[in-house]
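Summary of structural features
Residues per chain, in single letters:
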Amino acid sequence: MNRKYRHTVIAANWKMNLLPSKVKAYADELKPLTAQAKWCDIVVCPPFVMLPAVIKAFRSSRISTGAQNLSDKESGAFTGEVSASQLADLGVHYVIIGHSERRRLYGETDSAVNGKIHAALRENLRPIVCVGESEQERETGVTAELVSLQVKTALRDVPAQKMRRIIIAYEPIWAIGTGKTATSEDAGAVCGTIRSVVRSLYGARTARAVSILYGGSMNARNACELLSQPDIDGGLIGGASLSPVDFAAIVDAANQ
Ligand code: 13P
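Residues numbered from 1 in each chain as written. Predicted model: local features only at pLDDT ≥ 70, side-chain atom pairs only at ≥ 80, totals over all residues. Heavy atoms only, no water.

**Observations concerning unusual backbone geometry**
- Backbone geometry places S60, a non-glycine residue, at a positive phi of 60°.
- On the basis of relative accessible area, S60 is assigned to the exposed category, the value being 78%.
- You will see that D157, though not glycine, has its phi angle at about 65°, which is positive.
- By secondary structure assignment, the location of D157 is in the loop between α7 (143–154) and α8 (160–163). (Buried < 20%, exposed > 50% of the residue type's maximum accessible area, 1.4 Å probe, protein only. Helix = DSSP H or I, 4+ residues; strand = E, 2+ residues; numbered from the N terminus.)

Structure follows, in structure tokens:
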């Protein structure tokens, strides 16, 4: 982390878990546990159907709400899709874009990710853009090259002043939900590569200001070490975010 230049962000990705009727109890437990976390932006990203409940439950707290996906289209005949303006109108501030589960299971390409980033930025939503390599790609030694390409394609035609709204999350696919984490040095190195890509596209000041998160089996035990890396500015948390106590412990680690 480097708080002098950028925000620390801890975001919960609930994926397709929990229930609308359980949101209030979750929020009532999380809010007091994170009330002192002044140095850390906290975001909770539930499934679409739970967004209104999450916004309501965290109103008058420091915790913001994010969606897990959005459409690249503005409006119209796109059954099952949700637009950026619908999210913004509801009071959503962040949106996860290009999660590896969307890429792998639903065929989202780098270019689709780019379209979604533009859609989010048009409505002033803050994209949390996910990139990361598979186990096979890591073994063949193409991680830096692949992640650089993902970042460059995702950011195509994003103007410099909008880049300030973007958060990038490095999530090695082999570490997601597996209990295997990247070593803090490896994760820090890839986050450093991502920052140098941003530097090559937007210059040193913008690169210094962009928050880059790590995601993949992050928990209260490994958070401190991962966050001690200078280029890791926070975390995108899956499994451990489903328990308010476990999630708050990661927020605590980030707030040190
Ligand atoms: P886990 O923390 O469950 O590994 O998930 C990480 C993730 O995919 C967050 O987006």
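**Thoughts on the sheet that holds strand β6 (residues 167–170)**
- One closed barrel holds the 8 strands; their spatial order is β1-β2-β3-β4-β5-β6-β7-β8, and the pairing between them is parallel. Strand-to-strand twist in this sheet, taken as the mean axis angle between neighbours without regard to direction, amounts to 25°.
- Sheet topology note: the strand β4 (residues 94–97)/strand β5 (residues 126–131) ladder contains 4 bridges and is parallel. Note on β5: the bridge partner recorded for V95 is P127.
- Along the sheet, helix α9 (residues 184–202) makes contact with β5, β6 and β7 (212–215), crossing β6 at roughly 145°. (Pairing = 2+ DSSP bridges. Axes fitted to C-alpha atoms, helices over the stretch in contact; angles between N-to-C directions. Contact = heavy atoms within 4.5 Å.)

**A look at α7**
- The terminal C-alpha atoms of α7, which comprises 12 residues, lie 16 Å apart, in line with the 16 Å expected from a rise of 1.5 Å per residue.
- Looking at α7, one finds that the buried residues are T143, V147, S148, Q150, V151, T153 and A154. (Expected span 1.5 Å × (residues − 1).)

**Considerations on the site of the ligand**
- Neighbouring residues of the ligand: N13, K15, H99, E171, A175, I176, G177, G216, S217, L236, G238 and G239.
- K15 is positioned such that a nitrogen or oxygen atom in its side chain is 2.8 Å from an oxygen atom of the ligand.
- The separation between an oxygen atom of the ligand and a polar main-chain atom of S217 is 2.7 Å.
- Contact with the protein chains covers 95% of the free accessible surface of the ligand, which is 310 Å².
- Residue composition of the shell around the ligand, by class: 3 nonpolar, 7 polar and 2 charged. (Near = heavy atom within 4 Å. Polar contact = N/O pair within 3.5 Å; in protein donor to acceptor, adjacent residues only side chain to side chain. Areas by Shrake-Rupley, 256 points an atom, 1.4 Å probe, with all protein chains shown as cover. Nonpolar A, V, L, I, M, F, W, Y, C, P; charged D, E, K, R; others polar.)

**A word on the environment of R164**
- You can see R164 is positioned in the loop between α8 and β6.
- A relative accessible area of 48% places R164 in the partly exposed class.
- C-alpha of R164 to C-alpha of S211: the two residues are 47 residues apart in sequence and 9.1 Å apart in space.
- Those residues within four positions of R164 in sequence are excluded, and the remaining contacts are R126, T206 and A209.

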